[in-house]
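Fold and geometry: a report
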Amino acid sequence: MPSAEKLAKKQLYFEKLIDLCVNSPNALLVNVDYVASKQMQNIRIELRGKAEVLMGKNTMIRKALQIGHERHPEAGMDKLRAAMVGNRGFIFAKNCTLDYIREVLSKHTRESAAKAGQTSVVDWFIPSGPTGMDPSQTSFFQALNIGTKIVKGQIELVSEFKI
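Below or above, wherever it landed, is the structure these notes cover. (Residues numbered from 1 in each chain as written. Predicted model: local features only at pLDDT ≥ 70, side-chain atom pairs only at ≥ 80, totals over all residues. Heavy atoms only, no water.)

Details of the sheet that holds strand E7 (residues 154-157)
- The strand order across the open sheet built from three strands is E5-E7-E6, with neighbouring strands paired in antiparallel fashion. Because the sheet does not close on itself, it has two edges, and the strands there are strand E5 (129-130) and strand E6 (148-151).
- For E6 and E7, the ladder comprises four bridges, and the chain directions are antiparallel. By the bridge assignment, Ile150 is partnered in E7 with Ile155. (Pairing = 2+ DSSP bridges. Helix = DSSP H or I, 4+ residues; strand = E, 2+ residues; numbered from the N terminus.)

Below you can see the structure in the form of structure tokens.
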């Protein structure tokens, strides 16, 4: 059983989330996978006074939204609860527009190298044309179901291939 201090903190978090959901007319649900803590800090600093960034554990957010839905069934918190899958958070607009928040988020977007096991958020293509590989290596492309033909002693990709 959690201590009384922890329960009080959780209750304050629940009340804050419910209050923001009910009283803030505009909010963004943001996915924060692969976002560094320094990026989050910079976003919070830039939005300070204009918007409120609220992150938390999914179980706590779901519980707060469930409590909020019981208290305010017209607020649509059940739909938000269903959308809370993965590493998500809220940005509640107070003294700004959602376009301004999107602009701040896009300003703090950074390119980073992929790590093993990550799913790409962009589509990559192997362009069609000559590969520079000799014809004995066609089995590599056949295993990947990539269409090839042999032209002038080297393998050439027939069409662009999405990775």
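The rest of the description comes next.
As for the sheet that holds strand E3 (residues 88-93)
- The three strands are arranged E1-E3-E2 in an open sheet whose pairing can be described as antiparallel. The open sheet is flanked by strand E1 (26-31) and strand E2 (51-54), the only strands paired with a single partner. Across the sheet, the mean angle separating the axes of adjacent strands is 20° when strand polarity is ignored.
- Relative to E3, E2 runs antiparallel, the two being bridged by four bridges. Considered in E3, the bridge of Ala51 is made with Ala93. (Axes fitted to C-alpha atoms, helices over the stretch in contact; angles between N-to-C directions.)

Comments concerning the packing of aromatic side chains
- A complete count under the given rule lists two aromatic pairs for this structure.
- Considering the side-chain rings of Phe90 and Phe92, the 5.5 Å spacing of their centres and the 20° angle between planes classify their relative orientation as stacked.
- The buried category is assigned to Phe90, whose relative accessible area is 2%.
- On the basis of relative accessible area, Phe92 is assigned to the buried category, the value being 2%.
- Judged by centre distance (5.2 Å) and plane angle (75°), the ring pair of Phe140 and Phe141 falls under edge-to-face.
- For Phe141, a relative accessible area of 5% gives the class buried. (Phe/Tyr/Trp six-rings, centres within 6.5 Å; stacked < 30°, edge-to-face > 60°. Buried < 20%, exposed > 50% of the residue type's maximum accessible area, 1.4 Å probe, protein only.)

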